[in-house]
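Descriptive analysis of the structure
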Amino acid sequence: MGKTLFEKVWDSHIVDSVESEQEILYIDRHFIHEVTSPQAFEGIRRRGIGLFRKNKIVATADHNVPTKDQHLPIKDVLSKLQVDTLIQNCKDFGIDLYGLGHPYQGIVHVIGPELGITKPGMTIVCGDSHTSTHGAFGAIAFGIGTSQVEQVMATQCLLLERPKTMRITINGELDRGVSSKDIILYIISKLSTAGGTGYFVEYAGFAITSLSMEARMTICNMSIEMGARGGMIAPDAITFEYIKGRDFAPDGAALEEAVKYWKTLYSDEDACFDKEYTFEAESIPPMITYGTNPGMGIGIDETIPKNDSDSFKKSLKYMNLEAGTYLLNKKIDHVFIGSCTNSRIEDLRIVAEYVKGKQKADHVKAMIVPGSKQVEKQAREEGIHQVLADAGFELREPGCSACLGMNEDKIPDGEYCVSTSNRNFEGRQGPGARTMLVSPLTAAIIAIEGKIVDTRNFVNKIATA
Amino acid sequence: MEKFKTLTSTIIPLANEDIDTDQIIPARFLKSTTREGFGKNLFRDWRFDSEGDLKEDFILNDPSYSGSILVAGKNFGCGSSREHAAWALYDFGFRAIVSSYFADIFKGNALNNGLLPVQVSDAFLETIFELVKQDKNTTLKIELIDQQISISETKNTEKFNINAYKKTCLLNGYDDIDYLISKKSQIEQFEQTHKEF
């Protein structure tokens with residue numbers, strides 16, 4: 001019997017299978033950031049051991065950095081301590097750090113791919129659940145807790161139970177105004193936030209393989225929102241083309257050799273998955289969430305479903321919304337475009353293309369936070385920054401920002417924010433904040449209209465991301 | 001890590017489903033560089049209002065409920081990988097969480113910190129919620145060696161699953177790092193032939 005893409009990559013990283021179904025998995029690349037690493041460094045020091053392979057660790061500061069005046073010292077005392085601790089730890093242990101002020105700085109899941117560090121067939125971990133993003137390259141990538149960060153620092157390995165495999169196939173072509181963010185919100189709305197628990201997902205089908213790398217990353221990024229450990233897409237010509245020429249990518253003969261191997265990374269025809277789902281792209285509308293978890297999503301022109309469970313009612317009460325009503329025409333206070341889900345250059349291009357020559361609605365506060373210094377630089381070079389500024393958007397510097405409300409970028413209590421991020425949990429964007437997840441295109445249109453509208457009525461062509 | 005063998009305790013029921021790690025500990029309280037002290041911000045925005053005053057209608061603020069076992073609705077711990085969620089629960093005084101479903105990363109984090117996630121059937125969970133409604137002193141007994149959870153008052157019992165290796169770790173207070181470090185020469189040997197492209 002053939003192997004799935006997941007099995008091919010996983011099996012090539014098994015150091016040993018030990019008792020009781022645990023396997024020792026070798027990790028090729030370990031990304032770290034300021035929030036989930038300090039306690040791991042502390043553990044390494046306490047044990048009196050060094051790092052096993054420091055050259056396999058890459059660090060950046062993203063979760064807890066200000067997105068304004070990054071050239072100045074951080075004002076928040078605790079944030080400063082956390083960022084300074086990362087700087088000191090990287091110095092003490094000899095780790096490459098792309099911190100504030102470095103041209104490579106940015107959200108960890110944006111910089112890995114754009115620098116060519118993320119490659120097909122790798123195992124990649126980070127103390128962040130959205131590490132699944134890197135799976136878009138055909139890598140096994142997943143989020144880990146801080147104890148595991150310490151394990152990888154100490155041994156470059158993790159002790160894991162092998163996850164089950166799931167394939168989600170999306171056939172056909174997307175409707176105009178529908179993008180990869182809508183695909184993943186649609187899938188999660190069908191499977192629920194726990195539908196993927198215990199599984200590693202492979203996304204397949206024409207609607208997936210026809211996507212750009214940026215769009216594929218958006219899909220894999222949110223795999224965790226259905227409970228899956230990670231998501232992956234078989235690498236192809238689009239993948240190889242994206243990697244070619246990036247700062248840390250192989251070139252010449254090394255690239256040729258790598259591509260030869262990467263081309264073997266796909267699920268064999270006779271491979272067997274533990275679970276399979278198939279959806280038709282034509283049935284996916286522009287999506288929006290109405291509740292307090294990413295599974296609570298509907299087509300933007302649909303009504304909020306009815307449900308008698310207490311958790312559901314509590315969720316709608318928090319959102320101040322009623323079952324059976326439409327979201328269309330609802331007034332919106334904030335638009336946030338950013339996060340590891342949608343802050344790449346392609347996302348900014350889509351927003352800029354739509355808002356060019358238009359003005360945001362007066363009452364809307366619209367904020368754009370690029371995923372990295374490289375994205376920011378490219379946006380400037382392409383004139384995107386100016387287009388966005390002219391349309392009334394506030395342009396910030398790279399970081400996780402209002403996706404998780406850890407720094408000062410928060411949505412005020414009770415206000416509605418249409419957001420391109422990944423989580424609409426209670427208080428995620430600030431205490432009392434009401435988050436609605438959408439695609440960058442939908443967010444751009446809502447920023448201009450000031451209320452929820454049907455994306456399809458505002459675009460004439462098919463969006464590609 | 002502290003050993004876990006048997007735990008008998010009254011419970012705190014929190015029937016909400018899909019309790020995510022942002023509820024367990026909001027991101028703005030993750031700014032510490034140590035593992036200690038997260039308990040004071042456990043369920044921060046459910047326990048306190050914006051002025052920092054206790055919300056009386058939240059169960060953790062009701063003195064008639066107490067205990068070191070949290071019983072929660074299904075899919076507990078979804079969302080972020082923050083181990084701070086497990087640290088906060090432990091620091092607050094919980095030693096076991098009972099639910100009918102756990103999110104993967106949270107479950108792993110809990111096990112790595114001596115906090116036992118006990119997955120029970122929907123029916124068993126419902127029974128606990130019903131009983132505690134009638135009697136706040138409802139007591140659960142969790143026996144790790146036998147992988148068994150029982151309700152003291154009714155003698156209802158259920159077996160639960162746990163990975164055998166993780167069980168040994170909890171019973172003895174071992175962690176994964178000690179084990180992995182003991183495999184170092186094997187890992188180095190693997191590196192000899194492992195090619196990264």
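Owing to the predicted nature of the structure, the values given are computational and were not obtained by experimental measurement.

Any segment with low pLDDT has predicted coordinates that should not be analysed in fine detail. When pLDDT is averaged across chain B, the result is 96; 100% of the residues are at 70 or more. The ipTM assigned to the predicted complex is 0.95, against a pTM of 0.96.

This part takes up the nonpolar core. Ranked by size, the top nonpolar core spans 110 residues in total, and within it Phe43, Phe76, Leu89, Val98 and Leu116 of chain B carry the most contacts. Residues contacting phenylalanine 43 of chain B, with those up to four places away along its chain left out, are Leu14, Ile19, Gln23, Ile24, Phe58, Leu60, Leu70, Phe76 and Leu89 of chain B. Ranked by size, the runner-up nonpolar core spans 80 residues in total, among them Ala136, Ile168, Val201 and Ala281 of chain A.

Under the defined criterion, the tally for this structure stands at 39 salt bridges over all chains. In this structure, lysine 183 of chain B engages aspartate 16 of chain A in a salt bridge whose closest nitrogen and oxygen atoms are separated by 3.7 Å. You can see lysine 183 of chain B sitting in the loop between helix H7 (176–181) and helix H8 (184–193) and its partner aspartate 16 of chain A sitting in strand S1 (residues 14–17), one on each of two chains. A salt bridge links glutamate 225 of chain A to arginine 423 of chain A; its shortest N-O distance comes to 3.0 Å.

This part is about the interface of chain A and chain B. In this assembly, 72 residues from chain A lie in contact with 56 residues from chain B. Carbon and sulfur atoms make up 55% of the surface buried where chain A meets chain B, a total of about 5400 Å² over both sides. Ranking the residues of chain A by area buried against chain B places Gln39, Arg47 and Leu159 of chain A at the top, with a combined share of 10%. Our enumeration of links across chain A and chain B arrives at ten salt bridges. Here aspartate 175 of chain B ties to arginine 47 of chain A by a salt bridge, and the two come within 2.7 Å at their closest N and O atoms. One can count 33 residue pairs in polar contact (both at pLDDT 80 or more) joining chain A with chain B. Taken together, the elements giving at least two residues each to the side of chain A that touches chain B come down to S1, strand S2 (22–26), helix H2 (38–47), helix H3 (77–93), helix H5 (146–155), strand S8 (157–161), helix H10 (252–262) and helix H11 (310–319) of chain A. The dominant element in the side of chain A that touches chain B, judged by the number of residues it contributes, is H5 of chain A, at seven residues.

Summed over all chains, the structure comprises 23 aromatic pairs over all chains. On the numbers, 5.6 Å between centres and 5° between planes, the contact of phenylalanine 43 of chain B with tryptophan 46 of chain B is stacked. Per residue, the accessibility class of phenylalanine 43 of chain B equals that of tryptophan 46 of chain B, and both read buried. Counting every residue linked through ring pairs, the aromatic cluster contains Phe6, Trp10, Phe142 and Phe200 of chain A. A cation over a ring is seen here: arginine 44 of chain B above phenylalanine 48 of chain B, with NZ or CZ 4.6 Å from the ring centre. Residue placement shows lysine 195 of chain B over the ring face of phenylalanine 197 of chain B; its charged tip is 5.1 Å from the ring centre.

Residue and element names in this part refer to chain A. Counting buried positions along strand S10 (residues 199–204) yields six of six residues, so the element is predominantly enclosed. The side-chain alternation of S10 yields two buried faces, one formed by Tyr199, Val201 and Tyr203 and the other by Phe200, Glu202 and Ala204. For strand S9 (residues 164–171) and S10, the ladder comprises six bridges, and the chain directions are parallel. Across the sheet, residue threonine 165 finds its bridge partner in S10, namely phenylalanine 200. Remark: the S9/helix H6 (residues 180–191)/S10 crossover connection has right-handed handedness. Relative to strand S11 (residues 230–232), S10 is paired through three bridges, and the arrangement is parallel. From the neighbouring strand, glutamate 202 faces S11, where its bridge partner is methionine 232.

Each value, and the rule that gives it
- Residues numbered from 1 in each chain as written.
- Chains lettered and ligands numbered in written order.
- Predicted model: local features only at pLDDT ≥ 70, side-chain atom pairs only at ≥ 80, totals over all residues.
- Heavy atoms only, no water.
- pLDDT = per-residue confidence, 0-100.
- Core = buried A, V, L, I, M, F, W, Y, C linked by side-chain atoms within 4.5 Å.
- Buried < 20%, exposed > 50% of the residue type's maximum accessible area, 1.4 Å probe, protein only.
- Contact = heavy atoms within 4.5 Å.
- Salt bridge = Lys/Arg side-chain N within 4 Å of Asp/Glu carboxyl O.
- Helix = DSSP H or I, 4+ residues; strand = E, 2+ residues; numbered from the N terminus.
- Buried area = accessible area lost by both parts, 1.4 Å probe.
- Polar contact = N/O pair within 3.5 Å; in protein donor to acceptor, adjacent residues only side chain to side chain.
- Phe/Tyr/Trp six-rings, centres within 6.5 Å; stacked < 30°, edge-to-face > 60°.
- Lys NZ or Arg CZ within 6 Å of the ring centre and 35° of its normal.
- Pairing = 2+ DSSP bridges.
- Right-handed = clockwise from strand over helix to strand, strands pointing away.

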